[in-house]
Amino acid sequence: MLFNSYIFVGVFLPLAFAGFCLAGRIGPRAAAGWLLAASLAFYGWWNPGFLLLLLASIAVNYTIAGLILRAGARPRLRDALLTAGIAGNLGALAWYKYLAAVLGFLRLHGIADVAFADPILPLGISFFTFTQLGYLLDCRHGALRDRHSLLHYALFVAFFPHLIAGPILHHRELIPQFERRAWRVDPQDIAVGSTIFLIGLLKKTLLADPISAPVAPGFAHPELLSLFPAWRVALSYSLQLYFDFSGYSDMAIGLARLFGLRFPVNFNAPYRSESVIEYWQRWHMTLTRWLMLYLYNPLALGITRRRAARGLGTGIEARRTLRGFIEMIAVPTVITIGLAGVWHGSALTFAAFGLLHAAYLCVNHAWRLWRPGPPSAARRARVGRVLLTYGCVLAGSVLFRAADLSGAMQLLAGMLGLHGVAVALPDARAATWGALDTLWLAGLYALVWFAPTTQQIMRAHAPALGRVIAGPFPRLQWQPTLGWAVVLGCAAVLGLLSIGGTGEFLYFQF
Amino acid sequence: MPACPAADVPVLAELTDIFRDLLRDPELQLSEQSTPDDVPGWDSMTHIAVVVESECRFGVQFRTGEIEDLHSVGDLVRHIQMKQIHAA
């Protein structure tokens, strides 16, 4: 069930909310139980068979978490349980997401020929697997002392606003909200939540989907794209991905807020980043956080401690040596960001995307270490850094979207003018690149680079967990006033009318 | 291995020294309220280096799970002080 569908907006959400209001009168367990039931119905609507997979995943992980905590001071037993938990989770993920691709690769190169039909990918499996792996790791490493109740754990994993495409939540930020809430409906939550949801819906229906028109035909025939069409396709996809994920993230935050719950920010104007390091702190922030917490930090900490124990130094001067740079920066970065790429899917393009970004990050860190002085604060220099970062990200997004590596190379070659210069796309549906298209692209880039974010517009009402820094146009702040009600009412009509022609969120495929 | 000074050096002052060294900014001023948002260059790499340098200079050890709790200089100060008290 898509957030941007009539069945969700017109039937599921009103029913879920009405039931929540009634259950909240009975008590907090009833409200949490209702939300869990609604979330399972939401998931099962798409494919009831996979509901069993989700329930099994929750049951197995909850059991293992309990066993790890009960193992107390027996580290070997806890390690064995954790290893079994990780193997089970990653095994399920590999079965559905990677095995067919790996066997296909082996077959293609004559290494092994094992028949295996590519299974249907259960929606959200990457998200609910990582959410639960984090829980197990926290149980093992002492960040969690007591297991939460099964009801709260299951709701933490399955709560429908984040189940399919994130944000990837940490138990510390959500389960305490279940435990302390009276679960009463708050009119301010309804107003703030529905406003954020609506802004997200408009980003999806009015910005992301319309700009995507040249993307599919362009990526289907990248070898035919000359200079301008290639740029149009790449820029359009970059904007589609931006507004699609931004819109989805807003909708998830808004939906949670309707029920009085706050999610972390998952998307913070990433194309305004002045470096690729900053980009990863702004794009899919909860995935970056997960990778940092459970992969990068342990890796980097182990390496840095080993160096310190061997007297090799860990400070800035040590990192400025080739060996120090490789050990302390390049190795953990390549492993972490390489896996971040593969997390998105089994295609080689995702691995290449991860390795490309790992290379960017290494160069970025090297520049920070060896640059002659602090970065200039001059506006021109900052604009230059934003454009350079965006150019790098744009090249990466071509890999992210292309059907295969050859297609990505073809499109990048087109962008470099290696296929000649022309203004027509190969597919008639995409039409030509006219003045209106240029104006539309310019308008979207103005929003990307200069408009306040949803969090900044809603800043006065604590829209999400964490601090929101004031943005441009500080007067553009949502308030529960008649003027905003009229504007948002009109926007709601527009958003609802435009739902019919919209597509699936891009992140649903992961 | 870098020399480890005595652990009774005021924690905030020593942490400031660590950050100045790691970020190559001898003028850097920190308070307990300072966070990665306020300190240019305090990224994930620096964060790990700060933790390891702190382990060395203060004679403490952080668990992997604790690193996620270190959101500000104040968090670092409190964790280090708590560990020093437990070690005493």
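Note that the structure is predicted; figures quoted are calculated from it, not measured.

### Digging into the overall build of chain A
A tally of helices and strands in chain A yields 21 helices and 0 strands. Against the globule reference of 24 Å for 510 residues, chain A gives a C-alpha radius of gyration of 24 Å, in line with a compact fold. Dimensions of chain A along its principal axes, counting C-alpha atoms only, are 65 × 65 × 55 Å. Taken across its 510 residues, chain A has 54% of its residues classed as buried. When contacts within chain A are restricted to residue pairs at least 6 apart in sequence, long-range pairs at least 24 apart make up 75% of them. Carbon and sulfur atoms make up 68% of the accessible area of chain A, which totals about 21,700 Å². Counting 41 positive and 21 negative side-chain charges, chain A places the averaged centre of each group 10 Å from the other.

### What about the interface of chain B and chain A?
On the side of chain A, 33 residues touch chain B, which itself brings 26 residues to the contact. Surface buried jointly by chain B and chain A totals about 2,400 Å² across both partners, of which 52% is contributed by carbon and sulfur atoms. Here chain B is connected to chain A by 2 salt bridges. B:E55 is paired through a salt bridge with A:R305; the nearest N and O atoms lie 2.5 Å apart. The tally of links between chain B and chain A comes to 4 residue pairs in polar contact (both at pLDDT 80 or more).

### Looking at the packing of aromatic side chains
Considering all chains together, one arrives at 49 aromatic pairs over all chains under this definition. Their ring planes at 45° and their centres at 5.5 Å tell us that A:F42 and A:F160 sit as a pair that is tilted. In this pair, A:F42 sits in helix α2 (residues 28–46) while A:F160 sits in helix α7 (residues 160–163), placing the two residues 118 residues apart along the sequence. Exposure class is identical for A:F42 and A:F160. Each is buried. Relative to B:W42, the ring of B:F19 has its centre 4.8 Å away and its plane inclined at 65°; by these criteria the two rings are edge-to-face. Pair noted here: B:F19 is in helix α1 (residues 11–23) and B:W42 is in the loop between α1 and α2 (44–58), with a separation of 23 residues, a long-range link. For B:F19, a relative accessible area of 0% corresponds to the buried category. We classify B:W42 as buried; its relative accessible area is 5%. Sitting above the plane of the A:W343 ring, A:K97 keeps its charged end 5.2 Å from the centroid. Cation over ring: B:K83 sits above B:F62, and NZ or CZ is 5.3 Å from the ring centre.

### Brief notes about α1(B)
Here α1(B) contains 13 residues, and its C-alpha end-to-end distance of 18 Å stays within 8% of the 18 Å for a straight helix at 1.5 Å per residue. Burial in α1(B) covers these residues: B:V11, B:E14, B:L15, B:T16, B:I18, B:F19, B:L22 and B:L23. Considering only its buried residues, α1(B) is in contact with α14 (316–319) of chain A together with α2 and α4 (73–87) of chain B. One or two steps after α1(B), the chain reaches B:R24, where phi turns positive at roughly 55°.

### Regarding the confidence of the model for chain A
Mean pLDDT over chain A works out to 89, with 97% of the residues at or above the 70 mark. The secondary structure element of chain A with the lowest average pLDDT is α14(A), at 81, and the one with the highest is helix α6 (residues 150–158) of chain A, at 97.

### Notes on the packing of helix α3 (residues 48–70) of chain A against α6(A)
All names here are of chain A. At a minimum axis separation of 10 Å, α3 and α6 run at an interaxial angle of 130°. By the angle between their axes, α3 is oblique relative to α6. At the point where α3 passes α6, the crossing takes the right-handed sense. Note on element contacts: α6 touches α3 through L150, Y153, A154, V157 and A158, opposite L54, I58, N61 and Y62. Its residues assigned to classes, the contact of α3 with α6 shows 8 nonpolar, 1 polar and no charged.

### With respect to unusual backbone geometry
Residue and element names in this part refer to chain A. Here the residue pair G166 and P167 is connected by a cis peptide bond, since its omega of 5° sits within 30 degrees of zero. Structurally, P167 is set in the loop between α7 and α8 (171–180). Notably, H284 is not glycine yet its phi reads approximately 40°, a positive angle.

### Thoughts on the side chain of A:T304
Tracing the sequence through the fold places A:T304 in helix α13 (residues 285–309). Polar side-chain contacts of A:T304 include one of 2.5 Å to the backbone oxygen of A:A300. With residues near it in sequence (within four places) discarded, A:T304 still touches A:T314, A:M328, B:I48 and B:V52.

### Here we look at the nonpolar core
Among the nonpolar cores identified, the biggest contains 141 residues, and A:F8 and A:F259 are the most heavily contacted of them. At 17 residues, helix α11 (residues 227–258) of chain A tops the list of elements feeding residues into this core. The residue makeup of this core includes at least three contributed by each of domain 1 (6–185) and domain 2 (213–246 + 265–436) of chain A. Setting aside chain neighbours within four positions, we find A:F8 in contact with A:M1, A:L2, A:F3, A:L13, A:P14, A:F42, A:F160, A:F197 and A:L255. Counting residues in hydrophobic clusters, the runner-up holds 37 residues, among them A:M292, A:F325, A:A330 and B:V60.

### Looking at a nonpolar patch on the surface
All names here are of chain A. Together, L322, I326, V331, I335 and L339 make up a nonpolar patch on the protein surface, roughly 420 Å² of accessible area in all. For I335, the position within the fold is in helix α15 (residues 322–343). When its relative accessible area of 37% is taken as the criterion, I335 is described as partly exposed.

### Overview of the domain arrangement of chain A
Residue and element names in this part refer to chain A. Split by domain assignment, chain A resolves into domain 1 (6–185) and domain 2 (213–246 + 265–436). Distance from the C-alpha centre of domain 1 to the C-alpha centre of domain 2: 29 Å. Listed as interface residues are 18 residues of domain 1 and, on the opposing side, 15 residues of domain 2. With both sides pooled, the region where domain 1 packs onto domain 2 buries about 1,300 Å², and carbon together with sulfur makes up 66% of that total. Sorting the residues of domain 1 by area buried against domain 2 places Y98, F130 and I168 first, and these three jointly supply 39% of that buried surface. Remark: the boundary between domain 1 and domain 2 carries 11 residue pairs in polar contact (both at pLDDT 80 or more). Those elements that place two or more of their residues in the side of domain 1 that touches domain 2 are α4 (75–108) and α5 (125–140). Of all the elements, α5 adds the most residues to the side of domain 1 that touches domain 2, at 8 residues. When grouped by side-chain class, the residues that make up the side of domain 1 that touches domain 2 number 11 nonpolar, 4 polar and 3 charged.

Each value, and the rule that gives it
- Residues numbered from 1 in each chain as written.
- Chains lettered and ligands numbered in written order.
- Predicted model: local features only at pLDDT ≥ 70, side-chain atom pairs only at ≥ 80, totals over all residues.
- Heavy atoms only, no water.
- Helix = DSSP H or I, 4+ residues; strand = E, 2+ residues; numbered from the N terminus.
- Rg over C-alpha atoms; globule rule 2.2 N^0.38 Å.
- Buried < 20%, exposed > 50% of the residue type's maximum accessible area, 1.4 Å probe, protein only.
- Contact = heavy atoms within 4.5 Å.
- Areas by Shrake-Rupley, 256 points an atom, 1.4 Å probe, with all protein chains shown as cover.
- Lys, Arg positive; Asp, Glu negative; His and termini not counted.
- Charge placed at Lys NZ, Arg CZ, Asp CG, Glu CD.
- Buried area = accessible area lost by both parts, 1.4 Å probe.
- Salt bridge = Lys/Arg side-chain N within 4 Å of Asp/Glu carboxyl O.
- Polar contact = N/O pair within 3.5 Å; in protein donor to acceptor, adjacent residues only side chain to side chain.
- Phe/Tyr/Trp six-rings, centres within 6.5 Å; stacked < 30°, edge-to-face > 60°.
- Lys NZ or Arg CZ within 6 Å of the ring centre and 35° of its normal.
- Expected span 1.5 Å × (residues − 1).
- pLDDT = per-residue confidence, 0-100.
- Axes fitted to C-alpha atoms, helices over the stretch in contact; angles between N-to-C directions.
- Parallel < 35°, antiparallel > 145°, perpendicular 65-115°, else oblique.
- Left-handed = near helix turned anticlockwise from the far one by under 90°.
- Nonpolar A, V, L, I, M, F, W, Y, C, P; charged D, E, K, R; others polar.
- Core = buried A, V, L, I, M, F, W, Y, C linked by side-chain atoms within 4.5 Å.
- Domains from an automatic or database assignment.
- Patch = residues over 30% accessible without salt bridge, like charges linked within 9 Å, V, L, I, M, F, W, Y side chains within 5 Å.

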